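What follows is each chain in one-letter form.
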Amino acid sequence: MTIHSRISGTGSFLPERIVTNAELAKTVDTSDEWIVERTGIRQRHIAAEGETTANIAHQAALRALDAAAVSIADIDLVVLATATPDNTFPSTATKVQSLLGMTHGAAFDIQAVCSGFVYALAIADNFIKAGQAERVLVIGAETFSRILDWEDRTTCVLFGDGGGAVVLEKSEKEGILSTHLHSDGRYGNLLYVDGGPSTTQSVGHLRMSGPEVFRHAVVNLASVVDESLAANNYQRSDIDWLVPHQANLRILTGTARKLGLAQDRVVVTVDRHANTSAASIPLALDEAVRDGRIQEGQLVLMEAMGGGFTWGAALVRW
Ligand code: UT7
């Protein structure tokens, strides 16, 4: 029997506090008009003081476990994607493991910035297909508000905090059809954090050459989408739902246009969540599953691009 892996439950969590563009315009030289026109972002959620990536991930995980109707005893692996861990170590995944009361199995973080969830899903899928795990909690959670330079209008308006999770389990039925991961470290200086334990011994701030990242994103995303379709002998017209990383509405609509996909087949949350890095895909996925847009049997394509550069896609039969 071929071993497959399927998503059996999704969950997400957003910090309570919402910050609108108008509120940001009071502290940096920006405007609601500029942010909406250039990015599609209208607001973002920002973590409260003391509310950490692990807390957010924990809440998202509880909701995913509930949706999958499984208990923590049934989970044998936690893979958490984040670029904003609570601490340099231990991993945020082990903190979440502890918050969940899980003392068995294994938990680790992975770091691929905005592509983190696709990377984590690929790892979990491979663990299951290799027979090394049966039920994996896959989480993307971030508190980017903590690494933003709140005086830099070119970056601080773009990001938000949040988390999403899925339960991925061994199945006889097809689910994750394939995953495709890429990176090219030559472009590390276009999107990075100017600090870290081994360089500055500080946390640092996010720095981005926005227009250059934009140009690469459009090309890399289109190519990885086609790669994932070709690997499964599907056409662009076979896609039921595109669940993309949410960086900029212009990138989302551009990708949909290239795919010949109607705009209402793209799950969009960037207007309300802004860019939540590794959390953006599981947040969008959870929304579209819970409101009934994504239905059993449909073809769902997830894709992302982020710092590194890293990029990737996952094609899923729901
Ligand atoms: O998640 C990982 C992947 N990340 C991405 O995919 C992000 C990709 N990049 C982008 O989404 C866009 O490049 C941005 C949204 C970051 C920027 O949009 P843009 O249309 O590329 O604008 P720009 O950087 O070329 O800036 C245009 C102008 C500049 O002014 P001048 O030089 O023309 O006078 C900026 O200084 O807009 C100015 N500007 C702003 N104005 C008001 C930049 N940020 C702001 C701001 N408010 N917040």
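Going by the structure above, here's the rest.
All of these numbers come straight from a predicted model, not from anything done at the bench. (Residues numbered from 1 in each chain as written. Predicted model: local features only at pLDDT ≥ 70, side-chain atom pairs only at ≥ 80, totals over all residues. Heavy atoms only, no water.)

A. Up close: the overall build of the protein. A count of helices and strands for the protein gives ten helices and 13 strands. Taken against the 2.2 N^0.38 rule, which gives 20 Å for 318 residues, the C-alpha radius of gyration of the protein at 18 Å falls within 12% of a compact globule. Across its three principal axes, the protein shows a C-alpha extent of roughly 60 × 45 × 40 Å. For the protein, the residues scored as buried account for 55% of the 318 residues in total. (Helix = DSSP H or I, 4+ residues; strand = E, 2+ residues; numbered from the N terminus. Rg over C-alpha atoms; globule rule 2.2 N^0.38 Å. Buried < 20%, exposed > 50% of the residue type's maximum accessible area, 1.4 Å probe, protein only.)

B. Representation of the packing of helix H7 (residues 210-231) against helix H8 (residues 249-259) within the structure. The contact between H7 and H8 brings their axes to 10 Å, and the two run at 35°. The interaxial crossing formed by H7 with H8 has right-handed handedness. Here Phe214, Ala217, Val218, Leu221, Ala222 and Val225 of H7 come into contact with H8, specifically with Arg250, Ile251, Lys258 and Leu259. Tallied by class, the residues present in the contact of H7 with H8 amount to eight nonpolar, no polar and two charged. (Axes fitted to C-alpha atoms, helices over the stretch in contact; angles between N-to-C directions. Left-handed = near helix turned anticlockwise from the far one by under 90°. Contact = heavy atoms within 4.5 Å. Nonpolar A, V, L, I, M, F, W, Y, C, P; charged D, E, K, R; others polar.)

C. Region of interest: the sheet that holds strand E8 (residues 176-183). Read across the open sheet, the four strands follow the order E8-E13-E12-E11; overall the sheet is mixed. Of all strands in the sheet, those bounded by a partner on one side alone are E8 and strand E11 (241-244). In this sheet, adjacent strand axes meet at a mean angle of 10° when their direction is disregarded. Bridge analysis of E11 against strand E12 (residues 299-306) gives four bridges, and the strand direction is parallel. Bridge pairing links Pro244 to Glu303 in E12. Here helix H5 (residues 116-129) sits on the sheet in contact with E8, E12 and strand E13 (310-317), set at roughly 130° to E8. Across the sheet, H7 is in contact with E8, E12 and E13; its angle to E12 comes to roughly 145°. (Pairing = 2+ DSSP bridges.)

D. Local environment of the side chain of Thr143. By the secondary structure assignment, Thr143 is in strand E6 (residues 135-143). Each residue touching Thr143, except ones within four places of it in the same chain, is listed here: Ala47, Glu51, Thr52, Thr53, Ile56, Thr84 and Asp161.

E. Layout of the pattern of salt bridges. Tallied over the entire structure, the rule returns 17 salt bridges. Arg17 is the partner of Glu23 in a salt bridge, and the nearest nitrogen-oxygen pair spans 4.0 Å. Residue classification places Arg17 among the partly exposed residues on the basis of a relative accessible area of 48%. As a salt-bridge pair, Arg153 and Asp29 come within 3.5 Å of each other at their nearest N and O atoms. A residue pair is termed long-range when its members are at least 10 positions apart, and Arg153 in helix H6 (residues 153-156) and Asp29 in the loop between helix H1 (21-24) and helix H2 (32-39) qualify at 124 residues. Salt bridges linked by common partners bring Asp271, Arg272, Glu287, Asp291 and Arg293 together as one network. (Salt bridge = Lys/Arg side-chain N within 4 Å of Asp/Glu carboxyl O.)

F. Representation of the packing of aromatic side chains in the model. All chains considered together, the criterion is met by three aromatic pairs. Where Tyr187 meets Phe309, the ring centres are 5.2 Å apart and the plane angle is 15°; that geometry is what we call stacked. Taken together, the residues span a long stretch of sequence, with Tyr187 in the loop between E8 and strand E9 (191-193) and Phe309 in the loop between E12 and E13 at a distance of 122 residues. Using a relative accessible area of 25% as the deciding quantity, one classes Tyr187 as partly exposed. Cation over ring: Arg265 sits above Trp241, and NZ or CZ is 4.3 Å from the ring centre. (Phe/Tyr/Trp six-rings, centres within 6.5 Å; stacked < 30°, edge-to-face > 60°. Lys NZ or Arg CZ within 6 Å of the ring centre and 35° of its normal.)

G. Molecular detail of the nonpolar core. Counting residues in hydrophobic clusters, the biggest one holds 42 residues, and the most contacted among them are Leu206, Leu261 and Leu301. Those elements that provide at least two residues to this core are H7, H8, E12 and E13. Shared between two domains, this core takes at least three residues from each, and those domains are domain 1 (4-171) and domain 2 (176-317). Once residues within four sequence positions are removed from consideration, Leu206 is found in contact with Phe144, Ile147, Leu148, Thr155, Phe159, Leu191, Tyr192 and Val193. Formed by 34 residues, the second largest nonpolar core is a distinct cluster that contains Leu121, Val136, Ile281 and Met302. (Core = buried A, V, L, I, M, F, W, Y, C linked by side-chain atoms within 4.5 Å. Domains from an automatic or database assignment.)

H. Highlighting the sheet that holds E6. Pairing in this open sheet of five strands is mixed, and the strands run E1-E7-E6-E4-E5 from one edge to the other. Where the open sheet ends on each side, the last strands, each with one partner, are strand E1 (4-13) and strand E5 (106-110). Ignoring which end each strand starts from, the neighbouring axes of this sheet average 20° apart. Two strands pair when backbone bridges link them, and strand E4 (residues 77-81) and E5 are joined in this way by five bridges, in the parallel orientation. By the bridge assignment for E5, Val78 is matched with Ala107. Strands in contact with helix H4 (residues 92-99) are E4, E5 and E6; relative to E5, the strand with the most contacts, it is inclined by about 140°.

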